[in-house]
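Examination of the molecular architecture
So you can see what is in the structure, the chains are spelled out below.
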Amino acid sequence: MAAQSSAGAIARLVKPRSVAVIGASADPAKTAGRPVSYLTRHGFAGAIYPVNPKVDTIDGIRCYPDIGSLPEVPDVGIVLLGAERAHQAVRELAARGTGAAIVLASGYTETGDAGARRQAELIEAAGSMRLLGPNTIGLVNLTDNIPLSASGALAMDHFPAGSIGVVSQSGGILGALLSRAAARGIGLSKLVSTSNEADLELADFIDYLADDPATRVIALYVESVRNVERFRAAALKAAAAGKPVVAFKIGRSEAGARAAVSHTGAMAGADRMYDALFRQVGVIRAQTFSDLIDIPAALATGRVLHGNRIAVLTSTGGAGTLVSDSLGVSGFETPAPDTQTAARLRALQTGDHAALDRNPIDVTLAGLQPDLLRGAIRALLASPSYDAVTIIVGSSGLAMPDLMADAINDCLPESDKPVLAYVSPHAPQVAAVLNQRGVPAFSAPESCAVAFAAMLAAGQPPQAAADAEPVPAAATPGNLPQGPLDEHAAKQLFARFGVPVVRETVVADEAGAEAAARTLGERVVLKILSASITHKSDVGGVAVNVAPDAIGTRLAAMRDAVRQHTGQAPTRFLVQEMVGGGVELILGTHRDALGTAILLGMGGVTAELFQDTTLRLLPASGALSRAEALSMVRALKTWPLLDGYRGRPKADVDALVDAIVAFSRMAAALGPRLVEAEINPIFVLPAGQGVRAADGVAVIGP
């Protein structure tokens, strides 16, 4: 679609001066009657142009028989017609120069081939005019009280405006988020349903909200990312603007590699690819739907967590223990107050009822004594022992939630440390008051840990590196056969890009194996060589630690074992040098709709069992940088084994980093031709001795 620039068109869409409602109904109880009703109810200051040839006025506003009769070009057209007629209205709006059309009708790509043809017709009809939808519930600009939607969730007298922008690929979720946020006293800035994304998509609105002065945090409900590079660029723009992006991605149970040839394919499913993408561009992933409100609410305060030491201030011991236990499980510390802070706390309260030398810090009846609460909060915020404070609001706070909220709020200007509240009894009204006063309040103890983890992550720069390793065009081999390569051919491919491989010889029989073994050392490895049998050990096709004078007998036995397992006798074998004394890792690459990922993890036959892996998506052009490769190595739970764990010799991490970069250079150079590839294991030898690829899989596409 040859469309207008996104920034100007979206600005016109989100804050229009005039709105045409095509197919408006005079009955506000009907879906088609809601947009005009909402616009008037919420005081839209611009012009409203209902279009319906059957009525003269709607809600006291003149109605027009058709788009051609409108007295001016509307900035936005809300199209309420069915899928069989919507394209006609879109074409007429485009012809008049309308900025954007919002198409609510369903019956497009979500319904199959016929719907896809209707959507293509809709796109063609729009020409250069921008489209939101189809199958969308529209958008709501809460900052300026402009509802461009027919959602029943908007049937409220006042929108709780705030600083959280929401973009959802599901229309129904938009209403769910708005109603939940309103009930909790959490204000939103803009809500957009992109749905089918025939034109405008997630990335367009992330890009817009990154520039929106009313938005501090961007929350996403994601079904799929259709344009990875645009999403990446928009997310990085938001990060550069200091606006955290929080995403709830559905479809986590989807198996990413049902027919994978390699371990890598089985371990790099679609959801893990999204994890890698989000991590690299600084998007914070919400693990539950409730997190999609909880995390942005905490981040909207603008406070960043710079450490993991949390003070828990409570007047009810059990609730304090719930929160501190949840924090501990999530990796946070709850240290006792330092001597000076403890003395300051003791000075606030006489008697022996308070537990001020431990954490949770139990200040008796603090909820009924706002001055005592203020003093305790100030002491904890000033303490060098704590990076943040969680305040437990117990039953004593129910009677006077405003006093409690004001007491907490009064202390906030004295520190930039995060302050959260956990409301222990079920008291939604108390949590709403706290949220309205700028104190993120939660009804589940686990939510405090989730929020703090997000605030800690928000202070970290995105992993995406600008210093991608260049890939020389000359490195791309043009003579690769299509289909799976055998192990020897795969390792020859890896070696061409600089990955060190074990010494080995291809043989056909016992005599050849004996001759090869004598040149490779006192002990060798014997394997079948087959492009069709990837997991050789499963069929008896691998023997290790074989002496040269026994290899002929061992080869004959292997031939028989493989024949029994597969019905075919192997005709080619590999004799390899025996490598020992190293750490076994797996290094692989996997490609799907999001791009190409490099996977590193604990290797060997137990690779899929232990699942100690990390993923990085390749940049748009080039390979992984050395810094990125090193970050992968350090991200593994296995990292201590490479770093001299319990007296082990330190491994040759520099050589491993070189191998990762070389392997990623191969993946970048071959691009879509490389369906998947894997080294398992790659032996990482002691420092100074390098690495060796001992096994290899590669599948070449057309």
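Rules and cut-offs
Residues numbered from 1 in each chain as written. Predicted model: local features only at pLDDT ≥ 70, side-chain atom pairs only at ≥ 80, totals over all residues. Heavy atoms only, no water. Helix = DSSP H or I, 4+ residues; strand = E, 2+ residues; numbered from the N terminus. Buried < 20%, exposed > 50% of the residue type's maximum accessible area, 1.4 Å probe, protein only. Contact = heavy atoms within 4.5 Å. Areas by Shrake-Rupley, 256 points an atom, 1.4 Å probe, with all protein chains shown as cover. Lys, Arg positive; Asp, Glu negative; His and termini not counted. Charge placed at Lys NZ, Arg CZ, Asp CG, Glu CD. Pairing = 2+ DSSP bridges. Axes fitted to C-alpha atoms, helices over the stretch in contact; angles between N-to-C directions. Parallel < 35°, antiparallel > 145°, perpendicular 65-115°, else oblique. Nonpolar A, V, L, I, M, F, W, Y, C, P; charged D, E, K, R; others polar. Arc of directions from axis to C-beta. Domains from an automatic or database assignment. Salt bridge = Lys/Arg side-chain N within 4 Å of Asp/Glu carboxyl O.

Looking at an unreviewed UniProt entry, one finds the protein chain named CoA-binding protein, with Cupriavidus pauculus as its source organism.

Summing up its helical and strand segments, the protein chain has 23 helices and 30 strands in all. Taken over the C-alpha atoms alone, the protein chain extends approximately 95 × 80 × 40 Å along its principal axes. For the protein chain, the proportion of its 702 residues judged to be buried stands at 55%. A sequence separation of at least 24 residues applies to 72% of the contacts in the protein chain between residues at least 6 apart. Approximately 27,600 Å² of the protein chain is accessible, and the part contributed by carbon and sulfur atoms is 51%. Taking the average place of the 60 positive charges on the side chains of the protein chain and the average place of its 67 negative ones, the gap between the two points comes to 1 Å.

With respect to topology, four strands assemble into an open sheet ordered 21-24-22-23, the strand pairing being antiparallel. Two strands in the sheet have a free side with no partner beyond their single neighbour: strand 21 (504-507) and strand 23 (542-546). Between one strand and the next, the sheet's axes are offset by a mean angle of 20°, whatever the strand orientation. Two elements, strand 21 and strand 24 (residues 573-577), share four bridges in a ladder whose sense is antiparallel. For Val-506, the partnering residue across the bridge sits in strand 24 and is Leu-574. The sheet contacts of helix 17 (residues 487-496) involve strand 21, strand 22 (524-528) and strand 24, and relative to strand 24 the element is tilted by about 50°. Sitting on the sheet, helix 19 (residues 551-566) is in contact with strand 21, strand 22, strand 23 and strand 24, with an inclination near 30° to strand 22.

Attention now goes to the packing of helix 12 (residues 339-346) against helix 13 (residues 370-382). Where helix 12 contacts helix 13, the axes come no closer than 9 Å and their chain directions differ by 170°. Here helix 13 runs roughly antiparallel to helix 12, going by the angle between their axes. Together, Thr-341, Arg-344 and Leu-345 of helix 12 and Ala-376, Arg-378, Ala-379, Leu-380 and Ala-382 of helix 13 make up the contact between the two elements. Looking at the contact of helix 12 with helix 13 residue by residue, the class counts come to five nonpolar, one polar and two charged.

Attention now goes to the sheet that holds strand 11 (residues 188-193). Taking strand neighbours across the sheet as the criterion, the seven strands line up as 9-8-11-10-12-13-14 in an open arrangement whose pairing is mixed. Lying at the two open borders of the sheet, with one neighbouring strand each, are strand 9 (146-149) and strand 14 (283-285). Within the sheet, the average angular offset between the axes of one strand and its neighbour, ignoring direction, is 20°. Examined bridge by bridge, strand 12 (residues 217-222) and strand 13 (residues 245-249) share five bridges and lie parallel to one another. Counterpart to Ile-218 in the pairing with strand 13 is Val-245.

With that settled, the discussion passes to helix 14 (residues 401-411). Within helix 14 the residues assigned to the buried category are Pro-401, Met-404, Ala-405, Ala-407, Ile-408 and Cys-411. Seen from one end, helix 14 has its buried residues packed into an arc of 160°, which puts them on one side.

Bringing the environment of Ala-651 into the picture now. Considering the arrangement of structural elements, one finds Ala-651 in the loop between helix 22 (639-642) and helix 23 (653-670). The class for Ala-651 is buried, based on a relative accessible area of 9%. Counting along the chain gives eleven residues from Ala-651 to Pro-640, while the straight-line C-alpha distance between them is 9.9 Å. If we ignore the near neighbours within four places in the chain, the residues touching Ala-651 are Leu-642, Val-684, Leu-685, Pro-686 and Ala-687.

Moving on, we get to the domain arrangement of the protein chain. The extent of an interface is frequently quoted as the accessible surface area lost upon association of the parts. Domain annotation for the protein chain reports domain 1 (1-135), domain 2 (136-278), domain 3 (303-459), domain 4 (503-577) and domain 5 (583-700). Inter-centroid distance (C-alpha atoms) of domain 3 to domain 5 is 43 Å.

The next subject is the pattern of salt bridges. A complete count under the given rule lists 35 salt bridges for this structure. The closest approach of N and O atoms between Arg-230 and Glu-201, which form a salt bridge, is 3.3 Å. Pair noted here: Arg-230 is in helix 7 (residues 228-240) and Glu-201 is in the loop between strand 11 and helix 6 (202-211), with a separation of 29 residues, a long-range link. Classification of Arg-230 as partly exposed rests on a relative accessible area of 34%. Where Asp-371 meets Arg-374, a salt bridge forms, and the shortest distance between an N and an O atom there is 3.1 Å. Taken as a pair, Asp-371 and Arg-374 lie in helix 13 at a separation of three residues, close to a single helical turn. Looking at Asp-371, the relative accessible area reads 61%, which means it is exposed. Judged by its relative accessible area of 15%, Arg-374 falls in the buried class. One network of salt bridges, in which partners are shared, links Glu-487, Lys-491, Glu-504, Lys-527, Lys-536 and Asp-695.

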